[in-house]
Amino acid sequence: MTKQIILNKFIDLFGDQNPEIYTSPGRINLIGEHTDYNGSFVFPGAIDKGIIAAIKLNGTDKINAFALDLEDGAVFGLNEEDLPKEGWAKYIFGVCREIIKRGGKIEGFDTVFSGDVPLGAGMSSSAALESTYAFALNDMLDLGIDKFELAKIGQATEHNYVGVKCGIMDQFASLFGKKDHLMRLDTKSMEFEYYPFHPEGYSLVLLDTRVAHELASSAYNKRRESCERAADAIRENHSEVEFLRDASMEMLNEVKKDISEEDFMRAQYVIEETQRVHDVSDALQKDDYETVGQKMYETHHGMSKLYEVSCEELDFLNDLAKKHQVTGSRVMGGGFGGCTINLVKDELYQQFITDAKSEFKDKYGHEPKVYDVVISDGARKL
Ligand code: GLA
């Protein structure tokens, strides 16, 4: 993805030589999965892959957008009934609508965008798209919206225009990312800390199964509902429990007979995952990557057996990592397909990747894609 290609297309389509150029990245997450809608902790970082957009106000009340990678255009207005039919355009429309709902004044614009965050791989291509436009419009129109609110605008776009009841992690990471740093975010208080991350002697690498699950959004929303039901049940006895983040296994066991077995399993995973984020934070302070890795395997196990958001291909890659003595490995992001994230010692890296590619191909007929993780800056103007 180069800025120049986007610019050329913009000039081609709209004849203007001087649009503004903005970018916002995808993300990885070290640990803390499906915790962000449970008031708990996440540990993401922005990556060197994202969306780049050329944008120029056009003096009308219409948006004229072109998705370069799909070679598809859409024109739409700014009123609620102007919802475009193109899936990708709904994200841009949603961001505009959510800004307007908050009292911001949006004007029409021309735009071309392209991206290199793989779609459906669990690296948050959609948050990158939302954050690019939220950040750009705020900057160009001088709206004075802070970055937390921009993240919420992206999240509300998912809720209200895409139908995914996601948490705040992806949009937060895309907007607040900082080169060479992960961020530990408390999604209840929205307090966060940057953690320098350059694990000496280890690399982070993503292996993408290239499995995309169409049912992912409804399955995701069902997980969230399970968690809310479990939290509601616990709150009957413990009024201080706002989210599952505030609950203990003891409290959950008290309501075991009142909730379904499935809801119990989902809640158990979240309560255990919350503890794992604390354990990883402590381990990182001591450069103890063995513990970090062990917790990653525990997360995978929980996501596979209790939260049930893994799939055969992801479990296969996880087993393969274990077999190759990879320090840590787990499914990353929402799950149901996409990537595993692997923390691997530098001396084992090459062999692991070579074997993962060939063994995966033998079984599933195609190689997984390999992405080396480069922790990068968040949304910005180029
Ligand atoms: C998706 C959602 C996030 C988060 C993760 C799972 O990426 O958008 O809010 O819930 O899944 O951790």
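All chains use their own residue numbering, which begins from 1 and follows the written sequence. Since the coordinates come from a predicted model, pLDDT governs what is reported: local features require at least 70, and pairs of side-chain atoms require 80 or more to be given and counted, while whole-chain, interface and lining totals use all residues. Side-chain measures were taken over the full set of non-hydrogen atoms in the model, leaving aside hydrogen atoms and water.

## Brief notes about the overall build of the protein
Rules: Numbering of helices and strands starts at the N terminus; helices are DSSP runs of H or I of at least 4 residues and strands are runs of E of at least 2. C-alpha atoms define the radius of gyration, and 2.2 Å times the number of residues to the power 0.38 defines the globule rule. By definition in these notes, contact holds between two residues if any of their heavy atoms fall within 4.5 Å. In this description, accessible areas are obtained by the Shrake-Rupley approach with a 1.4 Å probe, and a residue is regarded as covered only by the protein chains that are shown. Asp and Glu count as negative and Lys and Arg as positive, but His and the ends of the chain are not part of the count. Charged side chains are reduced to one point each, which is NZ for Lys, CZ for Arg, CG for Asp and CD for Glu.
For the protein, the count of helices and strands is 11 helices and 13 strands. For 382 residues, the compact-globule estimate of 2.2 N^0.38 gives 21 Å, and the C-alpha radius of gyration of the protein, at 21 Å, lies within 12% of that figure. For the protein, the C-alpha atoms occupy an extent of roughly 60 × 55 × 40 Å along the three principal directions. Residue pairs at least 24 apart in sequence account for 70% of intrachain contacts in the protein once pairs closer than 6 positions are excluded. For the protein, the exposed surface amounts to about 15800 Å²; the carbon and sulfur share of it is 46%. Here the protein contributes 43 positive and 66 negative side-chain charges, whose respective centroids are spaced 1 Å apart.

## Comments concerning the sheet that holds strand E13 (residues 380-381)
Strand-to-strand pairing in sheets goes through backbone hydrogen bonds, with the strands running parallel or antiparallel. So the rule is basically this: Strand pairing requires that DSSP identify at least two bridges connecting the strands.
A sheet is described by the order of its strands in space; here six strands give the open sequence E5-E4-E6-E3-E1-E13, paired in mixed fashion. Looking at strand neighbours, the two that pair on one side only are strand E5 (72-76) and E13, the edges of this open sheet. Bridge count between strand E1 (residues 20-29) and E13: two bridges; the pairing is antiparallel. Counterpart to Thr 23 in the pairing with E13 is Arg 380.

## Looking at the packing of aromatic side chains
Using the following cut-off: When the centres of two rings from Phe, Tyr and Trp lie within 6.5 Å, Trp using its six-membered ring, the rings pair. Their planes under 30 degrees apart give stacked, over 60 give edge-to-face, and anything left gives tilted. For each residue, the accessible area found with a 1.4 Å probe, counting protein chains only, is set against the maximum for its type, and the residue is called buried under 20%, exposed over 50%, and partly exposed in between. Over a ring means this: the NZ of a Lys or the CZ of an Arg is within 6 Å of the ring centre and within 35 degrees of the ring normal.
Summed over the entire model, instances satisfying the criterion amount to 21 aromatic pairs. Look at Phe 172 and Phe 192: their rings are 5.0 Å apart centre to centre, the planes differ by 75°, and that puts the pair in the edge-to-face class. Pair noted here: Phe 172 is in helix H5 (residues 169-176) and Phe 192 is in strand E8 (residues 192-196), with a separation of 20 residues, a long-range link. The class of Phe 172 is buried, set by a relative accessible area of 0%. Accessibility expressed as a relative area gives 27% for Phe 192, which makes it partly exposed. Cluster of aromatic residues (ring-pair linked, three or more members): Phe 148, Phe 172, Phe 176, Phe 192 and Tyr 194. The cationic tip of Lys 147 hangs over the ring face of Phe 176; the distance from NZ or CZ to the ring centre is 5.0 Å. Lying across the ring of Tyr 194, Lys 178 places its NZ or CZ 4.6 Å from the centre.

## Some details on the side chain of Ser 125
Along the chain, Ser 125 turns up in helix H3 (residues 125-140). In this view, Ser 125 contacts Ile 51, Val 117, Pro 118, Leu 119 and Gly 120; residues no more than four positions away in its chain are not counted.

## What to know about the domain arrangement of the protein
Stated precisely, the cut-off is as follows: Domains are outlined according to an automatic or database domain assignment. Each of two parts loses accessible area, computed with a 1.4 Å probe, when they are put together; buried area is these two losses added. Salt bridges, as used here, are contacts in which a Lys or Arg side-chain nitrogen is within 4 Å of a carboxyl oxygen on Asp or Glu. We call two N or O atoms a polar contact when they sit within 3.5 Å, provided that within protein one can donate a hydrogen and the other can accept it, with sequence-adjacent residues counted only if both atoms are side-chain atoms.
Structurally, the protein comprises domain 1 (3-196) and domain 2 (202-372). Computed over C-alpha atoms only, the centres of domain 1 and domain 2 are separated by 26 Å. At the junction of the two partners, domain 1 supplies 32 residues and domain 2 supplies 42 residues. Between domain 1 and domain 2, roughly 3100 Å² of surface is buried when both sides are summed, and carbon and sulfur atoms account for 63% of that area. We note a salt bridge from Asp 246 to Lys 188, for which the minimum N-O separation is 2.9 Å. Where domain 1 meets domain 2, there are 21 residue pairs in polar contact (both at pLDDT 80 or more). Of all the secondary-structure elements, those providing two or more residues to the side of domain 1 that touches domain 2 are E1 and strand E7 (181-186). At three residues, the largest contribution of residues to the side of domain 1 that touches domain 2 is made by E1.

## Describing the site of the ligand
Quick note on the threshold: Any residue with a heavy atom positioned within 4 Å of a molecule or strand is treated as near that molecule or strand. Note that Gly is not counted as nonpolar here; it falls among the polar residues with everything else outside the nonpolar set of Ala, Val, Leu, Ile, Met, Phe, Trp, Tyr, Cys and Pro and the charged set of Asp, Glu, Lys and Arg.
Surrounding the ligand, one finds Arg 27, Glu 33, His 34, Asp 36, Tyr 37, Cys 166, Gly 167, Met 169, Asp 170, Tyr 220, Gly 333 and Gly 334. Gly 334 is positioned with one of its backbone polar atoms (N or O) 3.4 Å from an oxygen atom of the ligand. The fraction of the free accessible surface of the ligand (300 Å²) that becomes covered by protein chains is 91%. Classifying every residue of the shell around the ligand gives four nonpolar, four polar and four charged. Taken together, domain 1 (3-196) and domain 2 (202-372) each give at least three residues to the shell around the ligand, which thus spans both.

## What about the environment of Gly 163?
Tracing the sequence through the fold places Gly 163 in the loop between helix H4 (147-162) and H5. Looking at Gly 163, the relative accessible area reads 30%, which means it is partly exposed. Separated by 145 residues in the primary sequence, Gly 163 and Asn 18 have C-alpha atoms spaced 35 Å apart. With residues near it in sequence (within four places) discarded, Gly 163 still touches Glu 158 and Asn 221.

## Some thoughts on the sheet that holds strand E11 (residues 339-345)
Rule in force here: Structural elements are reduced to axes, namely lines fitted to C-alpha atoms, with helices fitted over the stretch in contact, and the angle between N-to-C directions of any two is expressed from 0 to 180 degrees.
One open sheet holds the four strands; their spatial order is E10-E11-E9-E12, and the pairing between them is antiparallel. Bordering the open sheet on either side are strand E10 (328-331) and strand E12 (369-372), each of which pairs with just one other strand. Pairs of neighbouring strands in the sheet enclose a mean axial angle of 20°, with direction left out of account. As paired strands, strand E9 (residues 202-208) and E12 are joined by four bridges and run antiparallel to one another. Across the sheet, the residue bridging to Leu 206 is Tyr 371, located in E12. Along the sheet, helix H11 (residues 346-364) contacts E9, E11 and E12; its crossing angle with E11, the most-contacted strand, is approximately 145°.

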